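Per-entry structural report
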Amino acid sequence: MEDSTSLSDWLDRHHVDIVRTFATTLDGVGVGKYVHRNKFASTLPRGHAISDMAAAMDLAGTPHLTFWHEDRQPAFGDIYLRPDLTTLISDGTDSNLGHCICDFVDAAEQPSSLCSRSLLRHLTNDLADRGYQMKVGIELEFFLFQDSYDALRRRQYRHLNPVTQSHHSNVYLVRNAYPATSYMREVISRLEWKGVHWEAWNDEAATGQFELNLEPTHPVAAADNVMRTRQIMYEVAHDMDLAVTFMAMPRTGIGNGMHIHHSLADVEDRPLFHDQTTNGRSTTMEQWLAGLVTTMPGAVSMLCPSINALRRLKDFAAAPTTSHWGEDNKTASLRTMSSSSHSTRIEHRLAAGDANPYLALAVIIAGGLAGIDQQLVPPEPFDGIAWGLPKHYDRLPDTVPAASQALLDDALLSEQLGTDLVEYWTKSRRQEWLLFHREGGDPDSPDISQWEYERYFDLI
Amino acid sequence: MTELTISVEDNPVPVVLVFAARMRRFASSPAFERIAGRLAGTVTLQSTATPETVTIEFKQGHIHLYRRAPEHSLTVYLDLDTGEVKRISHAWRHPLMALRVRTLMRDYSPRWQDSAKHFWQAASQLQGIPPGVKIHCLDDNSTLELGTPESAMEIEGTAGNLAALFGGELILADAILKKKIATAGRMQHMAVFSEATMMNLLGAL
């Protein structure tokens with residue numbers, strides 16, 4: 001779909017009578033409505049109304065009542081979901097249903113400062129203004145369990161039975177992947193129908209953990225694809241009486257990450273990260289990299305947004321614990337691959353599986369842009385194992401207050417993301433932290449708490 | 001009398017901050033200061049409803065609070081919401097300490113009117129706070145107006161709940177949802193006021 005004038009034709013041709021709108025809250029969950037096609041069309045371009053609560057509520061449905069933003073409505077009044085018609089697609093499984101991704105806007109159609117998708121588009125436009133375009137390929141890690149969500153809820157998420165053959169923590173085992181093939185076949189069928197292009201999937205390091213790699217595309221589309229993929233995977237699991245989760249740590253040990261491969265190109269799609277006259281890395285790439293390293297402590301809050309996500313930051317558990325970078329170093333936060341002109345890129349390995357992909361990409365672009373604007377120089381690459389290091393090596397913040405403080409202290413990120421969004425976000429994290437402690441979470445227990453399962457397992 | 005000093009561990013969890021803030025408020029009470037200043041020993045407060053634990057070390061007028069409980073320490077099990085002590089363990093090992101801790105756990109809060117004035121002094125500086133607040137006490141039908149009366153937010157509750165609200169024991173939004181406090185006013189004001197009460201609870205106002 002290109003514009004609203006051809007909307008009616010498009011809906012007719014695709015036999016779509018109902019459009020499901022979908023916008024992403026700061027917490028990274030989808031909200032929207034099933035809207036009759038006439039209503040969908042008649043409310044364009046602003047879109048249909050939805051209560052402000054949808055965008056200002058935590059994962060357990062508690063409204064944000066202990067902090068405020070000027071873009072909130074005075075008494076839970078309406079905001080709007082403005083459809084991005086370029087994302088309108090038909091469902092493929094439900095013959096009368098279409099889907100459209102939306103942005104949160106106010107009555108005057110101004111994007112909400114609390115809309116992470118609008119923020120990402122704004123930063124992507126900043127990149128374009130400088131003559132850059134970004135390509136992003138995202139790897140989604142997830143756990144698949146043999147029981148339905150209902151069954152798991154009934155037994156309070158105890159005795160999770162992974163869909164797997166071996167109960168050892170191998171990786172890439174074809175025999176472990178096989179029990180998941182019928183599930184993944186259906187997932188892939190629905191992804192392809194909806195135009196979400198994928199590259200590969202495989203068994204991952206934890207028991208019952210798998211990874212799906214999405215094809216590189218521009219940042220907003222990449223984040224849209226993550227949200228669509230998570231929703232599709234949830235729906236297939238629901239339909240097959242299985243349970244999938246992107247919760248960062250549904251079990252102790254190795255958790256779910258969301259690795260973000262990315263590179264810059266110019267407006268004519270010529271790669272800008274490679275320079276064969278040096279070590280393979282261009283000045284642009286080194287400055288971008290330096291910006292990411294510099295802002296890494298501040299970025300933790302958005303890349304690892306929950307207490308559960310911060311549990312993942314343990315040495316020798318596949319997640320980074322320091323802000324090091326290194327060439328093809330999978331123990332570092334930033335893994336560079338600089339050998340070929342067309343595939344030179346950075347793999348950002350910090351984001352947890354439960355991160356809001358729009359915010360995750362926004363904070364990465366903010367860091368990279370800061371590096372270019374300030375012409376920062378990266379530290380030397382780290383070519384050792386970046387885990388189990390002596391105490392004098394700075395570790396990334398691994399508590400909610402420390403991560404929030406690092407973000408508040410990061411002037412470079414605040415400048416790019418907006419001080420008011422950063423403040424609102426950190427206050428929402430304070431609410432998460434307070435509720436965890438006051439409602440029964442135990443920070444000293446290595447076990448995942450009931451509070452975390454009930455809050456994250458089904459929704460993320 | 002040595003002035004009490006109060007410190008917390010690095011990366012404190014909420015319950016540690018809450019009890020440190022309470023100690024700081026109570027320290028203005030001569031009775032509390034007298035008892036706490038003489039105490040030497042360690043007591044652990046353990047929630048009966050959640051894993052929340054705070055250990056308090058008393059040493060010559062210095063009070064240090066941290067999360068982990070040392071083995072065999074005097075442990076007071078209590079309802080953290082009401083402060084009601086359910087039971088005490090290892091009291092036989094530390095009988096004098098147990099006695100003094102019980103005395104120390106009384107409420108040393110000032111009157112709600114004094115707490116409200118003290119609270120307002122700091123909270124009125126926050127961006128987005130209402131220009132004034134009218135407080136109505138249900139027990140004796142008394143009122144207190146702080147700030148600019150025009151477009152003030154109204155707050156109503158019993159003396160006990162008002163004392164808890166302004167004394168750093170309650171967050172306004174929670175108190176409203178639990179029907180301990182009633183309010184009238186704009187949601188923005190209520191949210192920022194709630195934030196101020198939360199900061200007061202955590203000792204950050």
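Residues numbered from 1 in each chain as written. Chains lettered and ligands numbered in written order. Predicted model: local features only at pLDDT ≥ 70, side-chain atom pairs only at ≥ 80, totals over all residues. Heavy atoms only, no water.

**What to know about the overall build of chain B**
Quick note on the threshold: Every helix listed is a DSSP run of H or I at least four residues long, and every strand listed is a run of E at least two residues long, numbered separately from the N terminus. Only protein chains enter the accessibility calculation, which uses a 1.4 Å probe; a residue whose area is less than 20% of its type maximum is buried, one above 50% is exposed, and one in between is partly exposed. Here the accessible surface of atoms and residues is derived via Shrake-Rupley with a 1.4 Å probe, and residues count as covered only by protein chains that are part of the display. Neither His nor the chain ends contribute to the count of charged residues, in which Lys and Arg are positive and Asp and Glu negative. Taken as the charge location is NZ of Lys, CZ of Arg, CG of Asp or CD of Glu.
Scanning chain B from terminus to terminus reveals seven helices and 10 strands. Projected onto its principal axes, the C-alpha positions of chain B cover 60 × 35 × 35 Å. Expressed as a percentage of the 205 residues in chain B, the buried residues total 48%. Roughly 10100 Å² of accessible area belongs to chain B as shown, and the carbon and sulfur atoms make up 49% of that amount. Here chain B carries 21 positive and 21 negative side-chain charges, and the mean point of each set is 7 Å from the other.

**What about the packing of aromatic side chains?**
Residue and element names in this part refer to chain A. Note the cut-off: In this analysis, rings of Phe, Tyr and Trp, with Trp reduced to its six-membered ring, are considered paired at centre separations within 6.5 Å, and the interplanar angle assigns stacked below 30 degrees, edge-to-face beyond 60, and tilted for intermediate values.
Within this structure, the stated rule accounts for 22 aromatic pairs over all chains. Judged by centre distance (5.5 Å) and plane angle (75°), the ring pair of F436 and W451 falls under edge-to-face. Here F436, found in helix α13 (residues 419-438), pairs with W451, found in helix α14 (residues 450-457); they are 15 residues apart in sequence, far enough to count as distant. The same class applies to F436 and to W451, which are both buried.

**Focus on the nonpolar core**
We count it as follows: The criterion is simple. A nonpolar core is a set of buried Ala, Val, Leu, Ile, Met, Phe, Trp, Tyr and Cys residues joined through side-chain atoms within 4.5 Å.
In this structure, Y183, W288, L417 and F457 of chain A are the most contacted members of the largest nonpolar core, which totals 118 residues. Here this core takes 11 residues from helix α10 (residues 357-373) of chain A, the largest share from any one element. Counting residues in hydrophobic clusters, the runner-up holds 31 residues, among them W68 of chain A together with A116, M153 and L162 of chain B.

**Observations concerning unusual backbone geometry**
Residue and element names in this part refer to chain A. Note the cis peptide between L44 and P45, where omega equals 5°. The residue P45 is located in the loop between α2 (37-42) and β4 (48-51) in this model. Non-glycine residue Y157 carries a positive phi angle of around 65°. Along the polypeptide, Y157 turns up in the loop between α4 (149-154) and α5 (174-177). Judged by relative accessible area, which is 6%, Y157 ranks as buried. One non-glycine residue, Y172, lies in the positive phi region at around 65°. As for its position among the elements, Y172 is in the loop between α4 and α5. Residue class for Y172 comes out exposed when judged on its relative accessible area of 54%.

**So, the pattern of salt bridges**
Residues and elements named next belong to chain A. Note the following rule: The term salt bridge refers to a pairing of a side-chain nitrogen on Lys or Arg with a carboxyl oxygen on Asp or Glu at a separation within 4 Å.
Across all of its chains, the model carries 37 salt bridges over all chains by this definition. For K194, the salt bridge identified is with D91, shortest N-O distance 3.5 Å. On the criterion of sequence distance, the pair formed by K194 in the loop between α6 (181-193) and β9 (198-203) and D91 in the loop between β6 (89-90) and β7 (97-105) is long-range, its members being 103 residues apart. The burial state of K194 is the same as that of D91; both residues are buried.

**Observations concerning the environment of E186 of chain A**
Residue and element names in this part refer to chain A. Checked against the element boundaries, E186 lands in helix α6. The partly exposed category is assigned to E186, whose relative accessible area is 28%. Here the alpha-carbon distance between E186 and F246, two residues 60 residues apart in the chain, equals 18 Å.

**A word on the confidence of the model for chain B**
Keep this limit in mind: Residue-level confidence of the predictor is what pLDDT reports, using numbers from 0 through 100.
Within chain B, residue pLDDT values average 90, and 99% of them lie at 70 or more. Helix α3 (residues 95-104) of chain B is the least confidently modelled element of chain B, averaging 77 in pLDDT, while strand β10 (residues 181-184) of chain B averages 97, the highest of any element.

**Focus: the layout of surface pockets**
Residue and element names in this part refer to chain A. Filter applied, for reference: Of the grid points, spaced at 1 Å and generated over the protein atoms alone, those admitting a 1.4 Å probe that cannot get out make up cavities, while open sets with protein on both sides within 12 Å along at least five of seven lines make up pockets; any residue with an atom within 4 Å of a point is treated as lining. Grid points are joined across faces, edges and corners, and a volume is the space filled by probe spheres set on the points. Under the convention adopted here, Pro, Cys and the residues Ala, Val, Leu, Ile, Met, Phe, Trp and Tyr are nonpolar, Asp, Glu, Lys and Arg are charged, and Gly plus all remaining residues are polar.
One number sums up the size of the second largest pocket: a volume of about 730 Å³. Taken together, the elements giving at least two residues each to the lining of the second largest pocket come down to α9 (307-310), α11 (400-409) and α13. Of the residues that constitute the lining of the second largest pocket, the class distribution is 14 nonpolar, six polar and seven charged.

**Section: empty space enclosed by the protein**
Residues and elements named next belong to chain A. The condition that has to hold: Boundaries of every domain are those given by an automatic assignment or by a domain database.
All told, the structure shown has six cavities of 30 Å³ or more when counted by the stated rule. Here the largest cavity is characterised by a volume of approximately 120 Å³. Lining the largest cavity, in full, are R20, F22, I89, H99, C100, I101, K194, R228, Q231, I232 and E235. Looking at the lining of the largest cavity, the element that brings in the most residues is helix α7 (residues 219-239), giving four residues. Classifying every residue of the lining of the largest cavity gives five nonpolar, two polar and four charged. Here the lining of the largest cavity spans two domains, and each of domain 1 (4-114) and domain 2 (124-457) adds at least three residues to it.

**Overview of the sheet that holds strand β1 (residues 5-8) of chain B**
Residues and elements named next belong to chain B. We count it as follows: One bridge is not enough; two strands pair if DSSP finds at least two bridges between them. Axis definition: a line fit to C-alpha positions, over the contact stretch in the case of helices; interaxial angles, taken between N-to-C directions, run 0 to 180 degrees. Only heavy atoms enter the contact rule, under which two residues are in contact if any of them lie within 4.5 Å.
Strand order in the open sheet formed by six strands is β1-β4-β3-β2-β5-β6, with mixed pairing between adjacent strands. Here the strands that pair on one side only, and so sit at the sheet edges, are β1 and β6 (85-89). Strand-to-strand twist in this sheet, taken as the mean axis angle between neighbours without regard to direction, amounts to 20°. Inspection of the sheet shows β1 paired to strand β4 (residues 62-66) by four bridges, in the parallel sense. Pairing of I6 across the sheet is with I63, part of β4. Lying on the sheet, α3 is in contact with β2 (40-47), β3 (53-59), β5 (74-78) and β6; it crosses β2 at an angle near 60°.

**Comments concerning the interface of chain B and chain A**
Applied cut-off: Here's the idea: put two parts together, see how much 1.4 Å probe accessible area each one loses, and the total over both is what we call buried area.
The partner chain A presents 24 residues to the 25 residues of chain B that form the contact. In this assembly, chain B packs against chain A so that about 2000 Å² is buried in total across both faces, 66% of it on carbon and sulfur atoms. Of all residues in chain B, M187, E195 and M198 of chain B give up the largest surface area on contact with chain A, accounting jointly for 28% of the area buried on that side. The interface formed by chain B and chain A holds five salt bridges in total. For the side of chain B that touches chain A, the elements supplying multiple residues, two or more each, are α1 (14-26), α6 (172-177) and α7 (187-201) of chain B. Ranked by residues supplied to the side of chain B that touches chain A, first place goes to α7 of chain B with 10 residues. Partitioned by chemical class, the residues of the side of chain B that touches chain A number 16 nonpolar, four polar and five charged.

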